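Chain by chain, the residues run as shown.
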Amino acid sequence: MEKRGQWSSRFTFILAAIGSAVGLGNAWRFPGLAAKHGGGTFLLVYLAAMIIMGIPLLMMEIAIARKFRKGAIESMRGIGKRWEPIGWAATSNAFVIVCYYSVVFAWVILMFINSWQFAGMTGDNEAASGLFFELTQTTGTVEGYGIPGIVLLCLIVAWGLIFFCIRNGAQSVGKVVKFTVFAPVVLLLIMAVKGCTMPGAMDGLSILFVPDASAFSDPSLWVDAIGQVFYSLSIMMAIMFAYGSYVGDDANVAGDAVIIAFSDMAISVLSGVVMFSTMGGTGMLDSITDSGVATAFIVYPQAIVNLTEIGWLNAVFGAIFYLMLITLAIDSAFSIVEGISAAISDKFQLKPKTVTIAVCAISGLISLLFVTQAGLGWLDIVDNWTNQINLIVIGVLECVAIGWTFSLRKVLAEINRNTKKFKAPYWWFAASVKVISPMLLSALFIWNMIVLFGKNGGSYGDYPIWAQIAAGWVVSGLVFISGFIAKLIVNKKKKDGFVEDEVVWKD
Ligand code: PHE
């Protein structure tokens, strides 16, 4: 066996985790959710959700993986043999996510290389909002087979970049994140300066920051805040297990998790400042939505062509915006692949690099579905199921398994092992993992089911039911039975002499 890779320093780990957490969600979902839920009100509830559930769960995954030195599948087996399928579900769900996240990444690259086109569109909202559709030739439905050459090329570039960054696991990731974490912050700051110096910017900023008390009464505020915390911190996706398994024995997990979570939130707020000031400055405050794809590819281009009277300058701002999204997305995209490949290579004792190549190749092939003209439609369906259903159910199962059948005192001791000033208190950790997180997540799940079946009669969007069954329910089913299928494979391999690793918590 090769020696397990480790981060070159504490700082590298923190950057890698921030890189994973900070992704497209920060830039294009957080501001939209804030707009929907009374600005400051959303910030407060988001902060509360992060403290009562985001941070404890983040600490938990990092600490468990560090102790076992294993990815998600084997770490869950270490918690209890019967819980291994939960690790498989998280890993399989991550696999589904990367198949389309890579395509969104490719679209961002596509828009970046086409941002020169904004130069000739000054003030022309229609042309600006149509650019994405023209380039991708998307139908927005599940009909259409063609793949535009340029989009395919961007997808290949996207996968090439992803593979390049993780080809040597923690070692190469550690180098890349030194750039990919700071670059988007610098680019966001440039955009914030532009946005905040436009007349009208203050109207936007006051919506973002001033709490609107009436927004507290809408229960979907809590639903959206919890969902966003969960999605944003990259937990329950096999990622933080993989990254945690490379953390040094001298690391301060409690402190690091707090730094990661607050940096993630800070960058969300910074994106909010950019979005609200720019939309205020271009008189588009009513157009802010919480639909990511719409924000980045339809709404924001209209703002770009209205930023100044000078075409080429607008194009430069457009390029900055999409470059910012590229650097935001890349470290999230490769973190998912790393999560999957660490989990699988640990399980089957395979060489990490071989597994990484296989994962990139297989998910790369599947991602072709999402660059067809019907891609956006399929992506919308798959995204809804993976995030609104799978992720949440995995969260409940993981909390219950760890909280109720394993010693949380042991986990907490691992979290606090090297902390001096700030020690995570037991009451807070246990209340969160055992009771509050599983309850809130279950409530979130029930809410989503009520919306899907009660309000919308069991149908998501206007897509045909067969497509929702295929890309939604069947895929979800596969995610949750993947662990049982894997068990059959393991048993067969055992007959051929394969011996599973012992995963034990050594006190
Ligand atoms: N946390 C990322 C974001 O906010 C999302 C993400 C999804 C990261 C999947 C990794 C994997 O955009």
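Because the structure is predicted, anything quoted here is derived from the model rather than measured.

Novice: Just checking my understanding: could you explain the overall build of the chain for this structure?
Specialist: For the chain, the helix and strand inventory stands at 21 helices and zero strands. Computed over C-alpha atoms, the radius of gyration of the chain comes to 22 Å, within 12% of the 23 Å expected from 2.2 N^0.38 for 507 residues, which places it in the range of a compact globule. On the principal axes, the C-alpha backbone points of the chain span a range of 70 × 50 × 50 Å. When burial is assessed residue by residue, the chain has 61% of its 507 residues classed as buried.

Novice: I'm lost on the packing of helix H6 (residues 84–113) against helix H8 (residues 149–166) in this one. Help?
Specialist: Packed helix pairs are specified by the crossing angle of their axes together with the interaxial distance, meaning the distance between the axes. Where H6 contacts H8, the axes come no closer than 8 Å and their chain directions differ by 115°. The crossing of H6 and H8 is right-handed. Contact residues: H6 offers Val98, Ser102, Val103, Phe105, Ala106, Trp107, Ile109, Leu110 and Ile113, while H8 offers Ile150, Val151, Cys154, Leu155, Val157, Ala158, Trp159, Leu161 and Ile162. When grouped by side-chain class, the residues that make up the contact of H6 with H8 number 17 nonpolar, one polar and no charged.

Novice: How should I be thinking about empty space enclosed by the protein in this particular structure?
Specialist: To find the voids left in a structure, one rolls a probe of water-molecule size over its atoms. Taken as a whole and assessed by the stated rule, the structure comprises five cavities of 30 Å³ or more. Residue lining of the largest cavity: 17 residues in total, with Ser20, Tyr101, Tyr231, Ser234 and Ser332 positioned closest to the centre. Per-class residue counts for the lining of the largest cavity are eight nonpolar, nine polar and no charged.

Novice: So what exactly am I meant to see when it comes to the layout of surface pockets here?
Specialist: Taken as a whole, the largest pocket spans an internal volume of roughly 1200 Å³. In terms of lining residues, the largest pocket is bounded by 43 residues, among which Arg29, Asp383, Asn384, Gln388 and Tyr460 are the most central. Elements supplying a minimum of two residues to the lining of the largest pocket: helix H2 (24–28), H6, helix H12 (220–232), helix H15 (292–304), helix H18 (375–405) and helix H20 (426–455). The biggest single contributor to the lining of the largest pocket is H18, with ten residues.

Novice: Explain the site of the ligand here, please?
Specialist: Around the ligand, the surrounding shell holds 16 residues, and the nearest of these are Ala21, Leu24, Gly25, Ser232 and Ile336. A distance of 3.1 Å is found between an oxygen atom of the ligand and a backbone nitrogen or oxygen belonging to Leu24. In this structure, an oxygen atom belonging to the ligand sits 3.4 Å away from a side-chain N or O atom of Tyr101. Contact with the protein chains covers 100% of the free accessible surface of the ligand, which is 320 Å².

Novice: Could you clarify how one ought to interpret a nonpolar patch on the surface in this entry?
Specialist: Taken together, the side chains of Phe453, Ile465, Ile469, Trp473, Val474, Leu478, Ile481, Phe484, Ile485 and Ile489 present a nonpolar region at the surface, about 920 Å² in accessible area. Mapped onto the fold, Ile481 is located in helix H21 (residues 465–495). Relative accessible area serves as the criterion here: at 41%, Ile481 is assigned to the partly exposed category.

Novice: Just to check I follow, could you spell out the pattern of salt bridges for this structure?
Specialist: Side-chain pairs of opposite charge can arise whenever the charged atoms involved come near each other. In this structure the tally under the stated criterion is 17 salt bridges. The shortest N-O distance in the salt bridge between Asp224 and Lys36 comes to 2.9 Å. Of the two residues, Asp224 sits in helix H12 while Lys36 sits in helix H3 (residues 30–36), which places them 188 residues apart along the sequence. Lys67 is paired through a salt bridge with Glu414; the nearest N and O atoms lie 3.8 Å apart. Of the two residues, Lys67 is situated in helix H4 (residues 40–68) and Glu414 in helix H19 (residues 408–415); the sequence distance between them amounts to 347 residues. Three or more residues are tied together by salt bridges with common partners; here these are Arg66, Lys67, Arg69, Asp249, Glu414 and Arg417.

Novice: Honestly, H12 in this entry has me stumped. Any pointers?
Specialist: Count 3.6 residues to each turn of an α-helix, and residues three or four apart come out pointing the same way. The end-to-end C-alpha distance of H12, which contains 13 residues, comes to 18 Å, matching closely the 18 Å that a straight helix rising 1.5 Å per residue would cover. Counted residue by residue, H12 has ten buried out of 13 residues, so it is predominantly covered. Taken residue by residue, H12 has Ser220, Leu221, Val223, Asp224, Ala225, Ile226, Gln228, Val229, Phe230 and Ser232 as its buried positions. Looking one or two places after H12, you find Ser234, whose phi comes out positive at around 60°.

Novice: For this particular structure, what's the right way to read the environment of Arg69?
Specialist: Its place among the elements puts Arg69 in the loop between H4 and helix H5 (72–79). Arg69 sits in the buried class, given a relative accessible area of 19%. A distance of 2.8 Å separates a polar atom in the side chain of Arg69 from the backbone oxygen of Val247.

Novice: I tried to follow helix H10 (residues 182–196) on my own but got confused; where do I start?
Specialist: End to end, H10 covers 21 Å across 15 residues, agreeing with the expected 21 Å (1.5 Å per residue, within 8%). Among the residues of H10, Ala183, Pro184, Leu187, Leu188, Met191, Ala192, Lys194 and Gly195 are the ones counted as buried. Each buried residue of H10 lies within a common arc of 170° when the element is viewed along its axis, so the set occupies one face.

Novice: Looking at this model, I keep getting lost on the environment of Phe179. Mind explaining?
Specialist: Relative to the elements of secondary structure, Phe179 occurs in helix H9 (residues 170–180). In sequence terms Phe179 and Met279 are 100 residues apart; their C-alpha atoms lie 28 Å from each other. When near neighbours in sequence (up to four residues on either side) are disregarded, Phe179 contacts Pro184 and Thr327.

Novice: Would you take a moment to explain the side chain of Thr372 for this structure?
Specialist: Checked against the element boundaries, Thr372 lands in the loop between helix H17 (352–367) and H18. Once you skip the residues sitting within four places of it in the chain, Thr372 turns out to touch Gly144, Tyr145, Gly146 and Ile147.

Novice: Sorry, what's going on with the nonpolar core here?
Specialist: Across soluble globular proteins, you tend to see nonpolar side chains buried next to one another. Core analysis: the biggest nonpolar cluster contains 190 residues, and Phe118, Phe297, Leu325 and Phe334 have the highest contact counts within it. Leaving out residues up to four positions away in the same chain, Phe297 has contacts with Trp28, Val104, Trp107, Val108, Met111, Ser129, Phe132 and Tyr322.

Novice: What is the right way to look at the environment of Val142 in this model?
Specialist: Locating Val142 in the fold gives a position in the loop between helix H7 (125–136) and H8. Setting aside residues no more than four positions away along its own chain, Val142 makes contact with Ala374, Gly377, Trp378, Ile381, Tyr463, Pro464, Trp466 and Ala467.

Novice: Where do I start with the packing of aromatic side chains in this structure?
Specialist: The description of two aromatic rings rests on the distance between their centres and on the angle between their planes. Tallied over the entire structure, the rule returns 23 aromatic pairs. Between Trp7 and Tyr243, the ring centres sit 5.1 Å apart and the planes meet at 85°, which makes this aromatic pair edge-to-face. Taken together, the residues span a long stretch of sequence, with Trp7 in the segment before helix H1 (10–21) and Tyr243 in helix H13 (residues 239–244) at a distance of 236 residues. Relative accessible area serves as the criterion here: at 7%, Trp7 is assigned to the buried category.

Definitions and limits used
- Residues numbered from 1 in each chain as written.
- Predicted model: local features only at pLDDT ≥ 70, side-chain atom pairs only at ≥ 80, totals over all residues.
- Heavy atoms only, no water.
- Helix = DSSP H or I, 4+ residues; strand = E, 2+ residues; numbered from the N terminus.
- Rg over C-alpha atoms; globule rule 2.2 N^0.38 Å.
- Buried < 20%, exposed > 50% of the residue type's maximum accessible area, 1.4 Å probe, protein only.
- Axes fitted to C-alpha atoms, helices over the stretch in contact; angles between N-to-C directions.
- Left-handed = near helix turned anticlockwise from the far one by under 90°.
- Contact = heavy atoms within 4.5 Å.
- Nonpolar A, V, L, I, M, F, W, Y, C, P; charged D, E, K, R; others polar.
- 1 Å grid on protein atoms, 1.4 Å probe; cavity = no way out; pocket = protein on both sides within 12 Å on 5 of 7 lines; lining within 4 Å.
- Points joined across faces, edges and corners; volume = space filled by probe spheres on them.
- Near = heavy atom within 4 Å.
- Polar contact = N/O pair within 3.5 Å; in protein donor to acceptor, adjacent residues only side chain to side chain.
- Areas by Shrake-Rupley, 256 points an atom, 1.4 Å probe, with all protein chains shown as cover.
- Patch = residues over 30% accessible without salt bridge, like charges linked within 9 Å, V, L, I, M, F, W, Y side chains within 5 Å.
- Salt bridge = Lys/Arg side-chain N within 4 Å of Asp/Glu carboxyl O.
- Expected span 1.5 Å × (residues − 1).
- Arc of directions from axis to C-beta.
- Core = buried A, V, L, I, M, F, W, Y, C linked by side-chain atoms within 4.5 Å.
- Phe/Tyr/Trp six-rings, centres within 6.5 Å; stacked < 30°, edge-to-face > 60°.

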